[in-house]
Amino acid sequence: MSSTYARFDTVFLLSRFAGAKYSPLWPSSSSSSHSSLLSSGIHLRAKPNSRLRSVTGASSSSSGPIIAGSESIEIKSLPTKPIEGQKTGTSGLRKKVKVFMQDNYLANWIQALFNSLPLEDYKDATLVLGGDGRYFNKEASQVILQCLLLPKVILPYAFHSSSRTLFLQIIIKIAAGNGVGKILVGQEGILSTPAVSAVIRKRKANGGFIMSASHNPGGPEYDWGIKFNYSSGQPAPESITDKIYGNTLSISEIKVAEIPDIDLSHVGVTKYGNFSVEVIDPISDYLELMEDVFDFDLIRGLLSRSDFGFMFDAMHAVTGAYAKPIFVDNLEAKPDSISNGVPLEDFGHGHPDPNLTYAKDLVDVMYRDDGPDFGAASDGDGDRNMVLGNKFFVTPSDSVAIIAANAQEAIPYFRAGPKGLARSMPTSGALDRVAEKLKLPFFEVPTGWKFFGNLMDAGKLSICGEESFGTGSDHIREKDGIWAVLAWLSILAHRNKDKKPGEKLVSVADVVNEYWATYGRNFFSRYDYEECESEGANKMIEYLRDIVAKSKAGENYGNYVLQFADDFSYTDPVDGSVASKQGVRFVFTDGSRIIYRLSGTGSAGATVRIYIEQFEPDVSKHDVDAQIALKPLIDLALSVSKLKEFTGREKPTVIT
C-alpha cells in the first residue's frame, strides 16, 4: 500500500470489541476484517484506503510534508480489567513478547501511566516516543499515540519495517485518547535510549516513552519492555512507578483515539484535529549534542590515521543507526570499521549485551596479534558500552574512573572540571579514589540511573557509572554507550595528538596502566547466574540477610576480617527519598568486598549477581589476571552464599 494511504490495522483491533463488557485492545485473533467491523456497528470517521491530503509547508522542525486527517477525533472509552504482574522494575516493565501480546496487557499499563501523572504533565503536551527497533516496537507506538492525544509527539527514524511497529501504534493511539498534543517519534520507531533523553531535553518535551528490553534478546519468543522518562530526560522516579503499579490493580477503562495507523516510514507531520505526530530523524539531535560535548576535529585526527585501527560492534542493535553517521561520515573512520551495523528486530539472533561472552566476535578480533588498537560495542538500546584495546579488556569500573581522571584535559564539555562523581554501590571503588584526588564531591547510589539524575538536576554530579557497562554524564539523564566510546577516543586522541607517523602511539593498555600506577588497581569481577528459579534465588538472599543481621565486626571469614555487613540503603540527598534492600554487602578490613544482588532487568526467572572486589596498591602485582587475584575471595563468596545449594547452578552464565 502506498504511504499516502491511511492504514487501519490497529484501529480495527482497538475498535472491534468496543461494545463488549471486556474489550481487549489486543484480541486473541487478529483476523478481523473491515466488513466484520462494519457489521458490528463500529463507526470509523475515515474509511480504509481513503487518500490522505498533503498540505504544503512543513513545520519548522521537520523537513517532511504535513498530512492532514479529520478535524476532530473520536475518543472511545473501552472497558478493561486489571492484569496481574505489571509491577515496574528499575528499568521499566519487561516481559516476554507473548506476555505483552495478551489482551490489553500493554494498553492497561499505558493507561495506568496516564492515570498516575498530573494532568499538566501530558494534557496538550509534547511527548517523545522511540525504541531500539526490536520486534513489535512500531505497533506499540500506535497504541500509545491513540491514548495520548497531546499537542505533539515526536517519533524517531525507522530503518526496518514489519511487526515491530505494532506496539508503537498502540502507544500512539492511547496517547491521543488521553489528550496529548503532540508526539515526536523516530522514523520507523528507531530512537536510542540516550537519544530519547537528548530529544526530550533539546525540544523541551514533557517526557517520553522508551520501548526496549535493553540488553536482552529480541524476537517473537524473547523480550520486550517499556519505560517512561520525565521532562529532564531521566527515568520516572519510584513515586511514579509505584503509582503506575497501583493503578494497574484498579484500572477499569482505556481511552483510545480512533485514528489510522501512522506512517512511520517518512519524516513529516501528520495531524488529526489538535493532535499531531511528527516523525523525526533519530540521529540529528543526538549528533548535534555529541558535537557540542566533544572535539570532533581532535577525534577525527586520530581515526583518520593510517596507523590507528578502530572497530565498533553495534551488535545489530540500535546504535547501528548511529555508528556510520557519527564514526564514518563525521569522524572519518574507515567504512569497514563498523561491525553488525544494521539494526534488526531480533538482533541477528544474537544477545545484544556488550560483554566478553556475548560480544565474542569483537573480542576475537581485538585479541588477534594484528587486531585494531581500539574496539567498542554497545547494547540493544544504546546505553551500555564495552571498551577494549588490543588484547586488553577495560572493566566498566575502571573505564568510568579513567574517563573522570582525564575528562578536564581531553573533553571540552568538562573544561571547567567535573562538578562531582558517582557510582552505583556494586561498582568498584576505583572512582572513589579519583574523586578523593581531584577533591570532588562523591556519591554512592543504588543500581538504577534515576538515582544519578536527581544529583545531576541539583548540579551536584557530572560523571557517573555502573559496573554493568553503563557510563555517562550530565549531558543527558541516561547512560550513553556512544558517549563513552567518544570519551575514550578523546583521551587517546589527546594523548597522541603530537605523535608523528611512525612513532609508537599511546595505547589503551598504556592509559590503564598509567591510571593503576597513580591510583592503584581495584581487581573486580562479576558472576551472573541468569534465569535462576526465583524461589531458590530469593531464599538465598533471605539466608544472606539473616547472616547480616547476626554478623559482628571483627569476625573472621577465612583470611578476611569483617569490617561490616549490611543490606545497602540509600537516602537521596536531594529529595530525601529512601531506597532500601539494594544489595547484601560484606566489607572487609582490607577494603575487599563481596556483594549479592538479584537483578530486575530480565523478563524471566531471576538473575543472581555476585560482585567481588579487592584493592591492590602494589604496581608489581597489577598485571595479575583478575580471576587469579580474586580466586580466594570468589571461593569465599560462593561458600558463604551456598549458591549451588539454593540455585542448583554449578557455573555462572557470564563472568565479567
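Conventions we followed
Residues numbered from 1 in each chain as written. Predicted model: local features only at pLDDT ≥ 70, side-chain atom pairs only at ≥ 80, totals over all residues. Heavy atoms only, no water. Helix = DSSP H or I, 4+ residues; strand = E, 2+ residues; numbered from the N terminus. Buried < 20%, exposed > 50% of the residue type's maximum accessible area, 1.4 Å probe, protein only. Contact = heavy atoms within 4.5 Å. Areas by Shrake-Rupley, 256 points an atom, 1.4 Å probe, with all protein chains shown as cover. Core = buried A, V, L, I, M, F, W, Y, C linked by side-chain atoms within 4.5 Å. Pairing = 2+ DSSP bridges. Axes fitted to C-alpha atoms, helices over the stretch in contact; angles between N-to-C directions. Parallel < 35°, antiparallel > 145°, perpendicular 65-115°, else oblique. Left-handed = near helix turned anticlockwise from the far one by under 90°. Nonpolar A, V, L, I, M, F, W, Y, C, P; charged D, E, K, R; others polar. Expected span 1.5 Å × (residues − 1). Arc of directions from axis to C-beta. Salt bridge = Lys/Arg side-chain N within 4 Å of Asp/Glu carboxyl O. 1 Å grid on protein atoms, 1.4 Å probe; cavity = no way out; pocket = protein on both sides within 12 Å on 5 of 7 lines; lining within 4 Å. Points joined across faces, edges and corners; volume = space filled by probe spheres on them. Polar contact = N/O pair within 3.5 Å; in protein donor to acceptor, adjacent residues only side chain to side chain. pLDDT = per-residue confidence, 0-100.

S.K.: Got a minute to help me understand the overall build of the protein in this structure?
M.R.: Along the protein, the regular secondary structure elements total 21 helices and 30 strands. Counting every position in the protein, which comprises 656 residues, the buried fraction comes to 61%. At a minimum sequence separation of 6, the contacts of the protein that also span at least 24 residues come to 77%. Counting only carbon and sulfur atoms, one obtains 49% of the accessible surface of the protein, whose full area is about 24,100 Å².

S.K.: Can you help me understand the nonpolar core in this one?
M.R.: Here is a general trend for soluble globular proteins: nonpolar side chains tend to be buried in one another's company. Counting residues in each nonpolar core, the largest one holds 79 residues, and the members touching the most others are Phe-327, Phe-374 and Leu-489. The leading source of residues in this core is helix H16 (residues 481-496), at 11 residues. Excluding residues that lie within four positions of it along the chain, Leu-489 makes contacts with Ile-299, Leu-302, Leu-303, Phe-308, Phe-310, Phe-327 and Phe-374. Among the nonpolar cores identified, the runner-up in size contains 49 residues, and Ile-83, Tyr-135, Phe-209 and Ala-257 belong to it.

S.K.: Where do I start with the sheet that holds strand S24 (residues 560-567) in this structure?
M.R.: The pairing of strands in a sheet happens through backbone hydrogen bonds and is either parallel or antiparallel. Spatial strand order, S23-S24-S27-S28-S29-S22-S30: 7 strands in an open sheet with antiparallel pairing. A strand with exactly one partner marks an edge of an open sheet, and here the two such strands are strand S23 (556-557) and strand S30 (654-655).

S.K.: Please clarify how the packing of helix H14 (residues 430-438) against helix H17 (residues 508-519) should be interpreted in this entry.
M.R.: Their axes nearest at 11 Å, the elements H14 and H17 cross at an angle of 65°. Between H14 and H17, the interaxial angle falls into the category roughly perpendicular. Like other packed secondary-structure pairs, H14 and H17 cross with a definite hand, here left-handed. Contact with H14, carried on its side by Ala-430, Arg-433, Val-434 and Lys-437, involves Tyr-515, Thr-518 and Tyr-519 of H17 and no other residues of that element. Of the residues contributing to the contact of H14 with H17, the split by class is 4 nonpolar, 1 polar and 2 charged.

S.K.: Hey, could you run me through the environment of Ser-462 in this one?
M.R.: Note on placement: Ser-462 falls in the loop between helix H15 (450-457) and strand S20 (463-466). On the basis of relative accessibility, which here comes to 2%, the residue Ser-462 falls in the buried class. Measuring from C-alpha to C-alpha, the distance between Ser-462 and Leu-421 comes to 6.2 Å, with 41 residues separating the pair along the chain. Residues contacting Ser-462, with those up to four places away along its chain left out, are Phe-414, Pro-418, Lys-419, Gly-420, Gly-472, Ser-473 and Asp-474.

S.K.: What should I look at first to understand helix H4 (residues 105-116) in this one?
M.R.: The α-helix winds at 3.6 residues per turn, so residues separated by three or four positions along the chain end up facing the same way. With 12 residues, H4 should reach 16 Å at 1.5 Å per residue; the first-to-last C-alpha distance of 17 Å fits that figure. Burial analysis of H4 places 11 of its 12 residues in the buried class, which makes it a mostly covered element. Among the residues of H4, those classed as buried are Tyr-105, Leu-106, Ala-107, Asn-108, Trp-109, Ile-110, Gln-111, Ala-112, Leu-113, Phe-114 and Ser-116.

S.K.: Could you clarify how one ought to interpret the sheet that holds strand S21 (residues 470-473) in this entry?
M.R.: Ordered by their spatial adjacency, 4 strands build an open sheet running S19-S18-S20-S21, and the pairing between neighbours is mixed. The strands lining the two open edges of the sheet, one partner per strand, are strand S19 (442-445) and S21. When strand polarity is set aside, the average angle formed by the axes of neighbouring strands in this sheet is 15°. Sheet analysis places strand S18 (residues 421-424) next to S20, joined by 3 bridges and oriented parallel. Paired with Ala-422 across the strands is Cys-464, a residue of S20. Against the sheet, helix H13 (residues 396-410) touches S18, S20 and S21, its axis set at about 170° to S20.

S.K.: It is not clear to me how H17 should be interpreted in this structure. Could you clarify?
M.R.: Relative to the 16 Å expected for 12 residues at 1.5 Å per residue, H17 spans 17 Å between its end C-alpha atoms, a close match to the ideal helical length. Buried residues of H17: Val-508, Ala-509, Val-511, Val-512, Tyr-515, Trp-516 and Tyr-519, and no others. Taken down its axis, H17 places every buried residue within 160° of arc, on the same side. Of the residues one or two after H17, Gly-520 is the one with positive phi, at around 90°.

S.K.: Sorry if this is basic, but what is going on with the packing of helix H7 (residues 193-202) against helix H9 (residues 284-293) here?
M.R.: The relative placement of two packed helices comes down to the angle between their axes together with the axis-to-axis distance. In the contact formed by H7 and H9, the axes pass within 9 Å of each other and the chain directions differ by 85°. When the axis of H7 is compared with that of H9, the two are roughly perpendicular. Side by side, H7 and H9 meet where Pro-194, Ala-195, Ala-198, Val-199 and Lys-202 of the first sit next to Asp-285, Tyr-286, Glu-288 and Leu-289 of the second.

S.K.: Honestly, the pattern of salt bridges in this entry has me stumped. Any pointers?
M.R.: Pairs may arise between side chains of opposite charge once their charged atoms sit close together. Applying the stated criterion across every chain, the model contains 42 salt bridges. Linking Lys-419 and Asp-474 is a salt bridge whose minimum nitrogen-to-oxygen distance equals 3.0 Å. Here Asp-474 lies in the loop between S21 and H16 and Lys-419 lies in the loop between H13 and S18, a separation of 55 residues in the sequence. Classification of Lys-419 by relative accessible area gives partly exposed; the value is 45%. A salt bridge links Asp-566 to Arg-585; the nearest nitrogen and oxygen atoms lie 2.7 Å apart. A residue pair is termed long-range when its members are at least 10 positions apart, and Asp-566 in strand S24 and Arg-585 in strand S27 (residues 584-588) qualify at 19 residues. Of the two residues, Asp-566 and Arg-585, neither departs from the other in class, the shared state being buried. When salt bridges with common partners are traced through the structure, they connect Arg-423, Asp-432, Glu-444, Asp-566, Arg-585, Arg-593 and Glu-613 into a single cluster.

S.K.: Explain the layout of surface pockets to me, please; I cannot follow it from the model alone.
M.R.: Approximately 380 Å³ is the volume found for the second largest pocket. Taken together, the elements giving at least two residues each to the lining of the second largest pocket come down to strand S17 (392-394), H17, strand S22 (521-532) and helix H19 (626-629). Of the residues assigned to the lining of the second largest pocket, the class counts are 11 nonpolar, 6 polar and 5 charged.

S.K.: Please explain the side chain of Gln-614 as it appears in this structure.
M.R.: As for its placement among the helices and strands, Gln-614 is situated in strand S29 (residues 606-616). Looking at Gln-614, the relative accessible area reads 16%, which means it is buried. Of the polar contacts made by the side chain of Gln-614, one reaches the side chain of Tyr-560; its length is 3.1 Å. Other than its neighbours up to four places away in sequence, Gln-614 contacts Arg-521, Asn-522, Phe-523, Tyr-560, Ser-592, Ala-629, Leu-630 and Leu-633.

S.K.: Whenever I open this one, the confidence of the model for the protein confuses me. Can you help?
M.R.: Reading fine detail from the predicted coordinates is not recommended where pLDDT is low. Per-residue pLDDT for the protein averages 85, and the proportion of residues at 70 or more is 83%. The low-confidence segment residues 1-63 (pLDDT under 50) makes 135 contacts with residues lying over four places distant or belonging to another chain. Taken together, the stretch residues 149-164 has pLDDT below 50 and engages in 146 contacts with residues farther than four places along the chain or on a different chain.

S.K.: Just to check I follow, could you spell out the pairing of strand S12 (residues 275-280) for this structure?
M.R.: Within S12, 6 of the 6 residues are buried, which leaves the element mostly enclosed by the surrounding structure. Judged by which residues are buried, S12 turns out to be covered on both faces: Phe-275, Val-277 and Val-279 on one side and Ser-276, Glu-278 and Ile-280 on the other are all buried. Of the pairings in the sheet, the one linking strand S7 (residues 182-190) to S12 comprises 5 bridges and is parallel in character. Of the residues in S12, the one forming a bridge with Gly-186 is Ile-280. Counted along the chain from strand S11 (residues 268-272) to the antiparallel partner S12, the turn is 2 residues long, and its residue Gly-273 has a positive phi close to 60°.

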